Amino acid sequence: MTETLVARGTAGAMSVAWDADQAVTALYASNYRPLVRLAAMLVRDVATAEEVVQEAFIAMHGGWRRLRDPDKALSYLRQAVVNRSRSVLRHRAVVEKYAPKGLPDAPSAELGAIVELERSAVVDALAKLPTRQREALVLRYYADLSEAEIARAMGISRGAVKSHTARGMAALRNVLEQLS
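Note that the structure is a prediction, hence the values are computed from the model and not measured.

Undergrad: So what about the overall build of the chain? Which residues, and what values?
TA: Across its full length, the chain holds nine helices and zero strands. Reading the secondary structure of the chain in the N-to-C direction produces α-α-α-α-α-α-α-α-α. Taking all 180 residues of the chain together, 32% fall into the buried category. The long-range share in the chain, meaning contacts at least 24 apart out of those at least 6 apart in sequence, stands at 68%.

Undergrad: Account for the pattern of salt bridges, with residues named and values stated.
TA: For the structure on display, the rule yields four salt bridges. For the salt bridge of Arg92 with Asp45, the shortest nitrogen-to-oxygen distance reads 3.4 Å. Linking Arg92 in helix H4 (residues 73-97) with Asp45 in the loop between helix H2 (11-43) and helix H3 (46-62), this pair joins segments that are 47 residues apart in sequence. By relative accessible area, Arg92 is classed as partly exposed at 24%. With its nearest N and O atoms 3.6 Å apart, the salt bridge here joins Arg158 to Glu147. Of this pair, Arg158 sits in helix H9 (residues 158-179) while Glu147 is found in helix H8 (residues 147-154), placing the two residues eleven residues apart along the sequence.

Undergrad: Quick rundown of the packing of helix H7 (residues 131-142) against H8? Include the residues and the values.
TA: Where H7 meets H8, the axes come as close as 10 Å, and the angle between the chain directions of the two elements is 135°. Looking at the two axes, H7 sits oblique to H8. Relative to H8, H7 is oriented so that their crossing is right-handed. Contact residues: Arg132, Glu135, Ala136, Leu139 and Arg140 in H7; Ile150, Ala153 and Met154 in H8.

Undergrad: Can you break down the packing of aromatic side chains residue by residue, with the values?
TA: All chains considered together, the criterion is met by two aromatic pairs. When the centroid spacing of 5.1 Å and the interplanar angle of 70° are considered together, the rings of Tyr28 and Phe57 count as edge-to-face. Of this pair, Tyr28 sits in helix H2 while Phe57 sits in helix H3, placing them 29 residues apart in sequence. Overall, Tyr28 belongs to the partly exposed group, its relative accessible area being 36%. Residue Phe57 is classed as buried on the basis of its relative accessible area, which comes to 4%.

Undergrad: Describe in detail the nonpolar core, supporting the description with residues and values.
TA: With 44 residues, the main nonpolar core has Leu38, Val53, Phe57, Met60, Trp64, Val81 and Leu139 as its most contacted residues. Those elements that place two or more of their residues in this core are H2, H3, H4, helix H6 (121-128), H7, H8 and H9. With twelve residues, the top contributor of residues to this core is H2. Here this core gathers at least three residues from each of two domains, domain 1 (18-117) and domain 2 (119-179).

Undergrad: Could you give an account of H4, with specific residues and numbers?
TA: With 25 residues, H4 should cover 36 Å at 1.5 Å per step; its first-to-last C-alpha distance of 36 Å lies within 8% of that length. Where H4 is concerned, the buried positions are Ala73, Leu77, Arg78, Ala80, Val81, Val82, Ser85, Arg86, Val88 and Leu89.

Undergrad: Run through H3, naming residues and quoting values.
TA: An α-helix turns once every 3.6 residues. As a result, residues three or four positions apart point the same way. Here H3 contains 17 residues, and its C-alpha end-to-end distance of 24 Å stays within 8% of the 24 Å for a straight helix at 1.5 Å per residue. For H3, the complete set of buried residues consists of Thr48, Ala49, Val52, Val53, Ala56, Phe57 and Met60. Of the residues that open H3, the one with a side-chain oxygen 3.3 Å from the backbone nitrogen of Ala47 is Asp45.

Undergrad: Describe the confidence of the model for the chain, listing the residues and the values that go with them.
TA: For the chain, per-residue confidence averages 83 on the pLDDT scale, and 80% of positions sit at 70 or higher. Across the chain, H3 holds the top mean pLDDT of 96, while helix H1 (residues 2-7) sits lowest at 32. Considering only residues more than four positions removed or in separate chains, one finds that residues 1-16, a stretch of pLDDT under 50, has seven contacts.

Cut-offs applied
- Residues numbered from 1 in each chain as written.
- Predicted model: local features only at pLDDT ≥ 70, side-chain atom pairs only at ≥ 80, totals over all residues.
- Heavy atoms only, no water.
- Helix = DSSP H or I, 4+ residues; strand = E, 2+ residues; numbered from the N terminus.
- Buried < 20%, exposed > 50% of the residue type's maximum accessible area, 1.4 Å probe, protein only.
- Contact = heavy atoms within 4.5 Å.
- Salt bridge = Lys/Arg side-chain N within 4 Å of Asp/Glu carboxyl O.
- Axes fitted to C-alpha atoms, helices over the stretch in contact; angles between N-to-C directions.
- Parallel < 35°, antiparallel > 145°, perpendicular 65-115°, else oblique.
- Left-handed = near helix turned anticlockwise from the far one by under 90°.
- Phe/Tyr/Trp six-rings, centres within 6.5 Å; stacked < 30°, edge-to-face > 60°.
- Core = buried A, V, L, I, M, F, W, Y, C linked by side-chain atoms within 4.5 Å.
- Domains from an automatic or database assignment.
- Expected span 1.5 Å × (residues − 1).
- Polar contact = N/O pair within 3.5 Å; in protein donor to acceptor, adjacent residues only side chain to side chain.
- pLDDT = per-residue confidence, 0-100.

This is the structure:
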């Protein structure tokens with residue numbers, strides 16, 4: 001099949017696919033773990049965070065040709081992770097809203113990982129913050145993004161990022177002071 005494609009003059013299409021494979025592989029190798037940590041902070045579940053990040057990489061690979069600026073691929077991935085994390089949280093809210101009442105809680109396999117993650121006082125305090133404030137703080141101080149990058153990832157203005165970050169820091173400070 002390779003010979004047929006090259007003989008018909010479509011080797012350019014193969015090199016584009018190969019470039020996408022190489023680029024996504026390089027991005028995966030260098031950014032998978034930080035993106036999983038970002039998603040875990042947002043969805044509060046390591047296994048789901050891994051799924052969110054893997055789906056973002058799959059979507060990026062599938063749409064590589066549509067990516068206007070390959071240099072912004074990491075920004076695209078971050079935004080995809082944040083958006084997919086939001087979708088997971090919305091889905092959880094719907095599932096919890098319509099879950100049957102009175103069923104006993106059964107611990108999941110991920111419970112040990114979640115318990116370890118939630119033992120930190122800061123993570124506990126972050127979990128109490130509103131979603132937008134938590135996202136802004138995690139992207140700013142955990143993912144070390146600039147205000148402009150956070151604004152793009154969250155789909156809001158830079159002023160809103162500043163507001164969410166300031167309010168989140170004040171609320172986080174209050175919660176941590178109460179714990180100590």
